[in-house]
Amino acid sequence: MSPPDSLAAAPTVQENPHFEFLYWVGCAGAYDPRAQRVTRALVTLLNYAGVNFAILGNEERCTGDTARRLGEELLFQELAAANIATLAKYQVRKIVAHCPHCVNAFRSDYPPLGGRYEVLHHTELLVQCLREGRLRLPNALPVSLRGPLTYHDPCYLARVQGVHAAPREVLERALEGGADGAVREMPRCREKTSCCGAGGGRLWMEEAPQQRVCTQRAKEALATGAHTVAVACPFCLTMMTDGVAAQGVATRVLDIAEILVERLRL
Amino acid sequence: MTPTRETFGNIPPSSQALFYLVAAVSLGVGAIGFWRRVRRWRQGQPIPPPALAAEALGNLLARWRPGLRRLWVEGLGQQRVRGRGLSSWAHGSLFIGFLVLLLGTTLLEVDHLAGMVSEKLHFHHGAYYVGYEFTLDVLGLVFLLGTALFFGRRLRRPASVGHRTTDWYVLGSFLTIGVTGYVVEALRITWQRPVGLGAWCSPVGWALASVFRGLSELQARHWHLAVWWLHALLVFGFLAAIPYTRLLHILTGPLNLLCAPPAVGFLAPVTTAEAEAAGRLGVRDLRHFTWQQLMSLDACMECGRCEEACPATATAKPLSPKRLVQDLRGLLDGLAPGGAGDPSSGNEERFNVHARIAAETLWSCTACSACGFVCPVRVDPLRLILDLRRNLVAEGGLRGTAAVVLRRLQASGNPWGLPPEARTDWMRGRNPPASVGQPTS
């Protein structure tokens, strides 16, 4: 079966055994309809930039982050062992993922179990591509990106893994030429970011409307006057979309990869 | 004549002897209190100790480097205490004032002991003396400023800051120690009548001495001895009180900075074999925490930073990281310092943490790591919560959608419970890219 858009197609590790990066799609990126669009955006960018990558396809399993943080340690280790074996089978050394929970699992949870890789969040790889000129941005800024923008740092990316400069650099480059220029920061940003409410398995739990963490965070994001809320995590994407919707505004919530695709008019 | 002053000047030998006796008693009382806390921590689980003998010195250094660095940057450098406005200034002033006064008193004692060996070894005179007196004179003011700021803070008492009655006694004693220190100095200046640099190097004491100008030398000497004793007794009272009050953090804070795992929310994997050997997973009994985790409970000052950063607290869920740590600490207080019962069995229902901490509290956490990230002494409430969650889940304490998710993860390797073959369906996706959406204005 041939995919509709060749730029949004990814080879599996069997199809491209000499890949440099394994793109770890993650469960949200694979199954959640909204996050699937992020996957397509990122794959489009990787193809466009000429990154030599492959995906595990149906051999991928959940990294076990949710299980571990819910307290299901043995299930986490089962999943981790299966993934470590699969990654070993294909001699994976470098991984790129667009989910900070996956990144954190690979960087922090897997090494004690024997899984050691060079792991990049997609914003880190995108910065490299932009710096090396592999992603050339057209001069004109699309109308859709001409409003002010704010960026919500994911906890596991900014606070736990300390990655907050790369996403900003991607955004600043993507917004270059616009009147608003730089990212409008929320009071709580970078390592001091505030949770979207989805971590620790909370994504899967019921929450009374007045107790929703995402509502509070969305209010903070909207208070910057942003027309676009950029995120870098599929969980944050779900929660911030809900939170913004609860405020009854049409502010867009987009992953950084989607914003870059928009700038490149791909 | 080189500027100096006699150590124990005007203090008769009987008072000096009594001084050392009281010092020994107060240090003893303090040490006993601290040891009683240590014995409680030791009922926690051992952490695989660094194999001292087998390890090369380089490895050992590498292992301790993060902790030592934290002691330097976050302890002495106060890195994590900063950034909270006036209360950071209050702590900074008290901290630097206390440290310098402590160092000064220690140097004085060293000089005194050195002089006993040989008169030539005395160094408390001349330029050193002038610098010493001036520094301590100024830092005394800094110490008092910090105390005053903390008095103000306790009076206003923000909701997130914990409070006990003993806090007033502690601050009261700090204030009195600072003030009596200056009065002793002023009275000494009154009867000693130093001139030139020897007088000017103590500006605060010199200024205060003008208050006592009317006293005769004999009167000044009498008052000097009396206030000196008051000052000494207060200091010894303070030393003895450390492990019994909030002051305990002076010891446990740096200790926890040294020993805490380097990463926030870092979890050690538990193997099936270990779980079978222990007959449990995670923490049920308080003593199932590691000794370092139990010690960290004693490092909490209830400053409330974690509570202010917690998204669960902010949305009125039944979780406050500070409350959790304090509740666990309450349980720790109940542990017999002698370690009654077999600590490894953990069958004593009295220390069942889950009887004290509601499951709802534990499930409210989003594992965002904000609490541990802001803690000045690196208490890690998230790790406490995750250890407790492990036990809850193992005992079948998780219900609802989250439990369903775990079953799906088990069965299909993803939280949606969809077949692995569908993992590449995103390539065939037909929903329009997000960029088609209209921008807002």
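About the cut-offs
- Residues numbered from 1 in each chain as written.
- Chains lettered and ligands numbered in written order.
- Predicted model: local features only at pLDDT ≥ 70, side-chain atom pairs only at ≥ 80, totals over all residues.
- Helix = DSSP H or I, 4+ residues; strand = E, 2+ residues; numbered from the N terminus.
- Rg over C-alpha atoms; globule rule 2.2 N^0.38 Å.
- Buried ≥ 20, exposed ≤ 12 C-beta atoms within 10 Å, placed from the backbone.
- Contact = placed C-beta atoms within 7 Å.
- Domains from an automatic or database assignment.
- Expected span 1.5 Å × (residues − 1).
- Pairing = 2+ DSSP bridges.
- Nonpolar A, V, L, I, M, F, W, Y, C, P; charged D, E, K, R; others polar.
- Core = buried A, V, L, I, M, F, W, Y, C linked by C-beta atoms within 7 Å.
- Right-handed = clockwise from strand over helix to strand, strands pointing away.

## Side note on the overall build of chain A
Next, step 1: Assigned secondary structure in chain A consists of 11 helices and 7 strands.
Next, step 2: In terms of C-alpha radius of gyration, chain A reaches 18 Å, essentially the compact-globule figure of 18 Å for 266 residues.
Next, step 3: In terms of its C-alpha atoms, chain A occupies a principal-axis envelope of roughly 50 × 45 × 35 Å.
Next, step 4: Within the span of chain A, comprising 266 residues, buried residues form 57% of the whole.
Next, step 5: In chain A, the proportion of contacts linking residues at least 24 apart, taken out of those at least 6 apart, comes to 79%.

## Quick look at the domain arrangement of chain A
All names here are of chain A.
Next, step 1: If you check the domain split of chain A, you get domain 1 (6-127) and domain 2 (137-264).
Next, step 2: Put simply, the middle of domain 1 and the middle of domain 2, counted by C-alpha atoms, are 22 Å apart.
Next, step 3: Opposite the 29 residues of domain 1 that make contact, domain 2 presents 26 residues.
Next, step 4: Among the secondary structure elements, those contributing two or more residues to the side of domain 1 that touches domain 2 are α1 (26-31), α2 (33-49), α3 (65-70), α5 (100-109) and α6 (122-131).

## Side note on helix α4 (residues 73-89) of chain A
Next, step 1: The end-to-end C-alpha separation of α4 of chain A is 24 Å, in line with the 24 Å expected for 17 residues at 1.5 Å each.
Next, step 2: Buried within α4 of chain A are the following residues: Glu73, Leu75, Phe76, Gln77, Leu79, Ala80, Asn83 and Leu87 of chain A.
Next, step 3: The secondary structure elements touched by the buried residues of α4 of chain A are α3 and α5 of chain A together with α18 (381-394) and α19 (401-412) of chain B.
Next, step 4: A positive phi of about 50° marks Gln91 of chain A, the residue just after α4 of chain A.

## Here's the deal with the sheet that holds strand β1 (residues 21-24) of chain A
All names here are of chain A.
Next, step 1: One open sheet accounts for 4 strands, arranged β2-β1-β3-β4; its pairing is parallel. Each of the sheet's edge strands pairs with one partner strand only, and the pair in question is β2 (53-54) and β4 (118-121).
Next, step 2: Note: β1 against strand β3 (residues 94-97), 4 bridges, orientation parallel. Each bridged residue has a counterpart across the sheet, and for Trp24 the counterpart in β3 is Ala97.

## Some points on the domain arrangement of chain B
All names here are of chain B.
Next, step 1: The domains assigned to chain B are domain 1 (13-49 + 81-258) and domain 2 (262-412).
Next, step 2: For domain 1 versus domain 2, the distance between C-alpha centres works out to 38 Å.
Next, step 3: On the side of domain 2, 29 residues touch domain 1, which itself brings 24 residues to the contact.
Next, step 4: Mapped by element, the contributors of at least two residues to the side of domain 1 that touches domain 2 are α1 (13-41) and α9 (249-259).
Next, step 5: Counting residues per element, the side of domain 1 that touches domain 2 draws most heavily on α9, at 6 residues.
Next, step 6: Taken together, the residues that form the side of domain 1 that touches domain 2 break down as 9 nonpolar, 9 polar and 6 charged.

## A short note on the interface of chain A and chain B
Next, step 1: Counting residues at the interface gives 65 residues for chain A, matched by 58 residues for chain B.
Next, step 2: Listing elements by their share of the side of chain A that touches chain B, those giving two or more residues are α1, α2, α3, α4, α7 (155-160), α9 (213-222), β7 (252-255) and α11 (256-264) of chain A.
Next, step 3: For the side of chain A that touches chain B, the per-class residue count stands at 29 nonpolar, 20 polar and 16 charged.

## Thoughts on the environment of Ser93 of chain B
Next, step 1: Along the chain, Ser93 of chain B turns up in helix α3 (residues 86-117).
Next, step 2: For Ser93 of chain B, the contacting residues outside a window of four places in its chain are Val142, Phe143, Leu145, Gly146 and Leu149 of chain B.

## A short note on the environment of Thr251 of chain A
Next, step 1: Position of Thr251 of chain A among the secondary structure elements: in the loop between α10 (234-246) and β7.
Next, step 2: C-alpha separation for the pair Thr251 of chain A and Leu157 of chain A, spaced 94 residues apart in sequence, amounts to 23 Å.

## What about the nonpolar core?
Next, step 1: Core analysis: the largest hydrophobic core is formed by 147 residues, its most contacted members being Tyr23 and Met240 of chain A.
Next, step 2: Discounting chain neighbours no more than four positions away, the residues touching Met240 of chain A are His152, Cys196, Cys214, Arg217, Ala218, Ala221, Val229, Val231 and Val253 of chain A.
Next, step 3: Core analysis: the next-biggest nonpolar cluster, separate from the first, contains 20 residues, Ala186, Trp228, Leu234 and Ala241 of chain B among them.

## What about the environment of Pro420 of chain B?
Next, step 1: Examined against the element boundaries, Pro420 of chain B turns out to sit in the segment after α19.
Next, step 2: Residue classification places Pro420 of chain B among the partly exposed positions, given that 16 C-beta atoms sit within 10 Å.
Next, step 3: In this structure, the C-alpha to C-alpha distance between Pro420 of chain B and Asp298 of chain B, residues 122 residues apart in sequence, is 48 Å.
Next, step 4: Excluding anything up to four places from it in sequence, Pro420 of chain B contacts Asn58 of chain A together with Ser412 and Gly413 of chain B.

## Concerning the pairing of strand β6 (residues 228-231) of chain A
Residues and elements named next belong to chain A.
Next, step 1: Burial of β6 is two-sided: the residues Thr228 and Ala230 facing one way and the residues Val229 and Val231 facing the other way are all buried.
Next, step 2: Sheet topology places strand β5 (residues 149-151) next to β6; 3 bridges connect them, and they run parallel. In the sheet register, Thr150 faces β6, and the bridge partner there is Val229.
Next, step 3: Bridging between β6 and β7 involves 4 bridges; their strand directions are parallel. Across the sheet, residue Thr228 finds its bridge partner in β7, namely Arg252.
Next, step 4: Once you follow β6 into α10 and on to β7, the crossover reads as right-handed.

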